[in-house]
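A closer look at the structure
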Amino acid sequence: MPCLRASLLMMLLITFLLAGCGPGEIHQVSLTAGATTGSTFVAAKEPEPEPNLFYFGFDRRLDASEDVRMYVPFLRYLERTTGYRFKLRPLNRTGSVVDALGAETVHFAAIGTLSYLDAHKRYGVEALALAKTADGRAEYRALVIVRPDSPIERLWDLRDHSLALGSPSSTQGNLIPRVMLQQAGIAMSELSAFQNHSSHFETANAVLNGRFDAGAVQDTLGRELARKGLVRIVAESDPFPSSTISVVSGVPDEVVEEVRRALLAFDPTERDSEGLYNWEQSEMPLGFLPVDQDALNEVQRLAELVGLLQ
Amino acid sequence: MRLGRRIILTTGLIVVITGLVTVGVLHTIVSQALGEQLDQNGLATARLLANDLANPLLDGDELVVSRNLNRFRQEGPSVVYAYAVTPDQRRVIHTLPDGFPSQLFAITRLPDEEQQTSIRRLETEQGLVRDYGVRLLDGLDAEVHVGLAEVPIVALRRGVTLLIAGLTGCGVLLAILLSWVLGRYVAGPLERFTAVAETVGKGQLDQEIRVSSRDEVGDLANSFNRMVVRLRDAIEQERSRNRELSALNAVSRIVSSGEDLTGLLAQALDEVKEALGLQGAWIVLTPDPASPSGEVAAAVGVDLARPTPGPERAVMGPIPLVSGGRSLGYMNVLLGATTPISSQDEEMLLGIGRQLGGALERMQLWQRLSDRENRVSQLLQKVIDAQEEERKRIARELHDDTSQSMAAITVGLKATASLVRRDPERAESFLEGLKESMAQSLREIHNIVYDLRPTLLDDRGLVPALHWCASQRLSAQGVAVEVTAGGLQARTPPQVETTLFRIGQEAITNVAKHARASNLRISVQTDERRVLMSIADDGCGFDEEAAPDGREKRPLGLMGMAERASLLGGSCTIRSVPREGTRIDVEIPLEGGVRSDHHSAG
């Protein structure tokens, strides 16, 4: 009988122990007591600004989610290096990084030369560093691509053909191609059609799916697609100053200097490569270099020349 | 409670409890497993939905996001709701038809930036719902949540529980049935076993359990049967033992009663006969243990005039009557043709034989002690007589010889005194004669003293003393005396020498008085452990069975020799054949060894 009692106690104990391993707390919620009847709900007010928290914006270059995945590890590098907190603030398709910099809802931004010149002119935004591109310099180029079976062989052949461009604020996708057409003696009106796109991806897609005969994209993306045999490069621009990391004027100087030092020390190929996501496909695959103001002035002159910078 | 019912009750109780515990445990395990499965699927679904919504949500295409959420809601039968939170956390796009409850976002939102997923259990109007929240993209505050109903889990869990409960119920019924059969199978033989055991417990040892099975119950029954047989044998043996002990006790009581030997043996035989159920018994005492013949000391139930037992009876024996390893006689018992005699009975008879042997020896010892006391009294009288004889002899010799010589010397001295002045020469002649008479008197006194104890024994030892004594007594009779010594030439202790001398003196006296011998040889052999003395003559000898002077017992002189030897732990053996002489052998042990002073054989 003692064995029977012990067995019963053991089984009851096991039962209680197992019963205690169930799911957690249950919350009472009424799904019919909605605050709004629409499909959206304004959840909260704008959060109060936090000290030492800075928002980072960027020019959309690739797929939106891919841009986010690429910049988040970079921001974590800045947090580790500077000790400040950085949070990504992506803008929707219609949002403007320059306006966000002007409103200071974004404090730092990775923007192209043209966007920087616009923000500098309008809101006093300063460039902290220039992107170090694949050839080790603070320069990049724009490419004009066509499908492999396209009859277009040269830039001159674009007359009477359609051309896909990037965002109006994109240096590689809009400014440089316009300069290239102007230098080739082709007026925009001589094209059968042209259309701006929000990113280089969309521009490339427009060519690949046949909606446009040619497209103007950043050099890294164009060369990658050509290497895969998806497109053919028919024109390449002269080098232009590459993208910038810019900062609004309201950020404290010590923060600016800390970030500048972190940018110039950034080594995405070796020391700081861990955790980065497709950084080699960014416009700053080798890190950053100090700002070359003369080159920026030249770009400003060209932008004003083609009417992109008023 | 009977064993069969106990088996049924215990088995049923165990099965019921085990079934209940199993139902509870399986219910919990199934719930956990289903919950974990639902959690994994829910999180995976939420991640897939987040990937699907990432670009439109980041692009601000809320219409696309809303459309995708509703499509997801419609395609998932267990999806209760889905909603997405914009990166600025200011707008929620959802599928709930009645609007989005602010309470839901407060409960289900991801608690901090580090946490990438969350699971919450909600109790809603549509039942239990599990909310799975994932971050839209790492590093953004945008979230995607999916609410999945637990109804399928609950239904499946209920089904499993009912199935297990049903199986457990069937198991309980089957277990009760099996335990009833088992109870009958196990308890049936045990009940028969119990009945037989109770009968055996009441003393009926002729019972036997009949179980044909070869299992533990069969082994137990066989063991029980063997135990009963052994118990029966043990009781029988105990009874036999008690009977034997009673007989032994009676014999002991009889032999210690102190009656005369014949009556004691007869009573003992009577007790043995009654105890063992014998036809008869008789005891024969043997003067010589080695001889099978002897005198019948006692007999019961048997006519010794017709010793042949006949076909219906048998004789068992001889059963020795022993004491101290020495057989004093034997006992025969007369058995009936059907009287069983077991080994225990034989042992008992041997024990009775030992008891009777002991009693016999005690009685013989008493007899010998009595004889010895008689002899000691006779010896003491002889000593007194010898003293008186010695006194008479000394008085006679002093009176007949020394006193007469002294009187003659006195008369001669008186005559000499009267002649000194009258006839000096004759007086001188008288004096010469008186001197010779005085010397003769001194020799006579010396002889008297030497007869009492020769100083030669103290001065020169045993052999010269014996030689002197023999020569002194026997030379006049023309007996040739030869005294030899061998072995160690050392002196033996004084008491040994004195004892041997007195024995030898007695023997020499006997030779002088009775033997009419021509030769006497005395030999003394000494070694480290003993002294052997032999005295042999070639005289007329005597019949050992009949004393030479016709008396019934040995003469006191011969008994005195043996007594003297026995006082020192030795022995004295006398062998005599008429007309062939007599030989006396004396052995005295030397406990203290020999002395260093030597003696020679004179």
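The structure this text deals with has already been given above.
Throughout what follows, the structure given in this document is the object of discussion. Within every chain, residues take consecutive numbers counted from 1 along the sequence as written. Throughout, the order in which chains and ligands are written sets their labels, letters from A for the former and numbers from 1 for the latter. Since the coordinates come from a predicted model, pLDDT governs what is reported: local features require at least 70, and pairs of side-chain atoms require 80 or more to be given and counted, while whole-chain, interface and lining totals use all residues.

**Looking at the overall build of chain A**
Stated formally: For helices the rule is a DSSP run of H or I covering at least 4 residues; for strands it is a run of E covering at least 2, with both sets numbered from the N terminus onward. With C-beta atoms placed from the backbone, a residue is buried if 20 or more other C-beta atoms are within 10 Å of its own, exposed if 12 or fewer are, and partly exposed between those counts. By the convention adopted here, residues make contact when the C-beta atoms placed from their backbones lie within 7 Å.
In terms of regular secondary structure, chain A is built from 9 helices and 15 strands. Within chain A, the fraction of its 310 residues that count as buried is 42%. Here the analysis covers contacts within chain A between residues at least 6 apart in sequence; of these, 76% occur between residues at least 24 apart.

**Focus on the nonpolar core**
In plain terms, the rule: Each nonpolar core comprises buried Ala, Val, Leu, Ile, Met, Phe, Trp, Tyr and Cys residues, the members being joined through C-beta atoms within 7 Å.
Judged by nonpolar contacts, the single largest core of 114 residues is most densely connected at Ala109, Ile145 and Val207 of chain A together with Leu53, Ala84 and Leu136 of chain B. Setting aside chain neighbours within four positions, we find Leu136 of chain B in contact with Ala50, Leu53, Ala54, Leu57, Ala142, Glu143 and Val144 of chain B. Ranked by size, the runner-up nonpolar core spans 37 residues in total, among them Val463, Val483, Met561 and Ile584 of chain B.

**Here's the deal with the packing of helix H4 (residues 113-123) of chain A against helix H9 (residues 293-306) of chain A**
Residues and elements named next belong to chain A. Inclusion rule: Lines fitted to the C-alpha atoms define the axes, with helices restricted to the stretch that makes contact. Angles between their N-to-C directions range from 0 to 180 degrees. When describing relative orientation, an angle under 35 degrees is termed roughly parallel and one over 145 degrees roughly antiparallel, while 65 to 115 degrees is termed roughly perpendicular and anything else oblique. Ten residues, namely Ala, Val, Leu, Ile, Met, Phe, Trp, Tyr, Cys and Pro, are considered nonpolar, four, namely Asp, Glu, Lys and Arg, are considered charged, and the remaining ones, Gly among them, are considered polar.
For the pair H4 and H9, the least separation of the axes is 10 Å and the interaxial angle reads 85°. Between H4 and H9, the angle falls in the class roughly perpendicular. Where H4 abuts H9, its residues Thr113, Leu114 and Leu117 lie against Leu296, Val299, Gln300 and Ala303. Of the residues belonging to the contact of H4 with H9, the class tally is 5 nonpolar, 2 polar and no charged.

**Digging into the sheet that holds strand S8 (residues 142-146) of chain A**
Residues and elements named next belong to chain A. The condition is simple: Two strands qualify as a pair provided that DSSP identifies no fewer than 2 bridges between them.
Strand order in the open sheet made by the 5 strands is S10-S9-S11-S8-S12, with mixed pairing throughout. Looking at which strands have only one partner, the edges of the open sheet turn out to be strand S10 (193-196) and strand S12 (232-236). Here the strands of the sheet are splayed against their neighbours by 25° on average, with no regard to which way each runs. Of the strand pairs in this sheet, S8 and S12 are connected by 4 bridges, and their pairing is antiparallel.

**Observations regarding the packing of helix H2 (residues 64-82) of chain A against helix H8 (residues 253-265) of chain A**
All names here are of chain A. Formally: Crossing handedness is defined as follows: a turn of the near helix away from the far one that is anticlockwise and smaller than a right angle gives a left-handed crossing, while the clockwise case is right-handed.
Two numbers describe how H2 lies on H8: the axes approach to 10 Å, and their chain directions differ by 120°. For the pair H2 and H8, the sense of crossing is right-handed. On H8, the residues that touch Leu78, Thr81 and Thr82 of H2 are Glu258, Val259 and Ala262. Residue composition of the contact of H2 with H8, by class: 3 nonpolar, 2 polar and 1 charged.

**Re helix H7 (residues 219-227) of chain A**
Within H7 of chain A, burial applies to Asp219, Thr220, Leu221, Gly222 and Leu225 of chain A. Buried residues along H7 of chain A sit in contact with strand S7 (139-140), S8, helix H6 (200-208), strand S11 (214-218) and S12 of chain A.

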